[in-house]
Amino acid sequence: MLIAGVGNVFCTDDGFGVAVIHRLARDPLPAPVDLRDYGIRGRHLAAQHLDDYGLVVLVDALHRDGPPGTLYVVEAADDAAGAGPYPQPDGVLALVPALHRQVARVVVVGCEPGDIGTGIGLSPAVDNAVRPAAKLVLDIVTRARRSWSG
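Here is a short report on the structure shown in this document. Note that the structure is predicted; figures quoted are calculated from it, not measured.

Parameters at a glance
- Residues numbered from 1 in each chain as written.
- Predicted model: local features only at pLDDT ≥ 70, side-chain atom pairs only at ≥ 80, totals over all residues.
- Heavy atoms only, no water.
- Helix = DSSP H or I, 4+ residues; strand = E, 2+ residues; numbered from the N terminus.
- Contact = heavy atoms within 4.5 Å.
- Areas by Shrake-Rupley, 256 points an atom, 1.4 Å probe, with all protein chains shown as cover.
- Pairing = 2+ DSSP bridges.
- Axes fitted to C-alpha atoms, helices over the stretch in contact; angles between N-to-C directions.
- Core = buried A, V, L, I, M, F, W, Y, C linked by side-chain atoms within 4.5 Å.
- Buried < 20%, exposed > 50% of the residue type's maximum accessible area, 1.4 Å probe, protein only.
- Patch = residues over 30% accessible without salt bridge, like charges linked within 9 Å, V, L, I, M, F, W, Y side chains within 5 Å.
- Salt bridge = Lys/Arg side-chain N within 4 Å of Asp/Glu carboxyl O.

1. Examining the overall build of the protein
Alright, step 1. Counting its secondary structure elements, the protein contains six helices and five strands.
Alright, step 2. By sequence separation, contacts in the protein at least 24 residues apart represent 77% of the contacts at least 6 residues apart.
Alright, step 3. Within the structure as shown, the protein displays about 7500 Å² of accessible surface, and the carbon and sulfur contribution to it stands at 53%.

What follows is the structure, given as structure tokens:
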């Protein structure tokens, strides 16, 4: 399993995915999980050979018109074919088709940004969503491990 944070820490709330990865790095993760901060190199993630992963969890800011700090989980299988409930934006979901060709399952954990202008640091609402998002990512990973084991 791979947990990949994507985002630009120099554009306030766009750094959400990176912040979640840093939060997850503080505690031991269940094996076998790789934790990676891709920052603005999301296209590098899509270009990598990911056949060894059964699950990729992408974490990023994700605009869905909700209040800032709202968390979303997008099961990306339908989006890989372009037929999912969400249109393909220029952000993290745009990576899904390339990833889905290599990985059985792609899940996006996103957070509604409040501000993606130039600046360092998350807005209060998005900062408050980092810990719950980290827990959500761990829950997704734990459920996946259980389903593979039993």
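2. Let's talk about the sheet that holds strand 5 (residues 105-111)
Alright, step 1. Spatial strand order, 2-1-3-5-4: five strands in an open sheet with mixed pairing. Bordering the open sheet on either side are strand 2 (34-39) and strand 4 (71-75), each of which pairs with just one other strand. Mean inter-strand twist for the sheet, computed between neighbouring axes without regard to direction, equals 20°.
Alright, step 2. Judged from the four bridges that link them, strand 1 (residues 2-6) and strand 3 (residues 55-61) form a sheet pairing that is parallel. What sits directly across from Ile3, in strand 3, is Val57.
Alright, step 3. This element, helix 1 (residues 16-24), spans strand 1, strand 2, strand 3, strand 4 and strand 5 of the sheet and lies at about 135° to strand 1.

3. Things to note about the nonpolar core
Alright, step 1. Ile3, Phe16, Val20, Leu55, Val57, Val59 and Val137 are the most contacted members of the largest nonpolar core, which has 22 residues in total.
Alright, step 2. Of all the secondary structure elements, the ones that give two or more residues to this core are helix 1, strand 3, strand 5 and helix 6 (130-149).
Alright, step 3. The dominant element in this core, judged by the number of residues it contributes, is helix 6, at seven residues.
Alright, step 4. Once residues within four sequence positions are removed from consideration, Val20 is found in contact with Val59, Val130, Ala133 and Ala134.
Alright, step 5. Membership of the second largest hydrophobic core comes to 15 residues, among which are Tyr53, Val56, Ala76 and Val108.

4. A closer look at the pairing of strand 5
Alright, step 1. Most of strand 5 sits out of view: six of its seven residues are buried.
Alright, step 2. Relative to strand 5, strand 3 runs parallel, the two sharing seven bridges. Note that in strand 5 the partner of Val59 across the bridge is Val109.
Alright, step 3. Across five bridges, the pairing between strand 4 and strand 5 is antiparallel. When the sheet's bridge partners are listed, Tyr72 is paired in strand 5 with Gly110.

5. A word on a nonpolar patch on the surface
Alright, step 1. Together, Val9, Phe10 and Ile120 give the surface a local cluster of nonpolar side chains, amounting to about 330 Å² of exposed area.
Alright, step 2. Tracing the sequence through the fold places Phe10 in the loop between strand 1 and helix 1.

6. Overview of the environment of Val18
Alright, step 1. Looking at the element boundaries, Val18 is found in helix 1.
Alright, step 2. Spatially, the C-alpha atoms of Val18 and Asp60 are 7.7 Å apart, while their sequence positions differ by 42 residues.
Alright, step 3. Aside from chain neighbours lying at most four places away, what touches Val18 is Gly5, Val6, Gly7, Val9, Asp37 and Gly39.

7. Here's the deal with the pattern of salt bridges
Alright, step 1. Evaluation of the coordinates by the stated rule reveals four salt bridges.
Alright, step 2. Measuring nitrogen to oxygen at the nearest pair gives 3.6 Å for the salt bridge that ties Asp27 to Arg23.
Alright, step 3. By relative accessible area, Asp27 is classed as partly exposed at 44%.
Alright, step 4. Between Lys135 and Asp139 there is a salt bridge, with the nearest N and O atoms lying 3.2 Å from each other. In this pair, Lys135 and Asp139 both sit in helix 6, four residues apart, roughly one turn of the helix.

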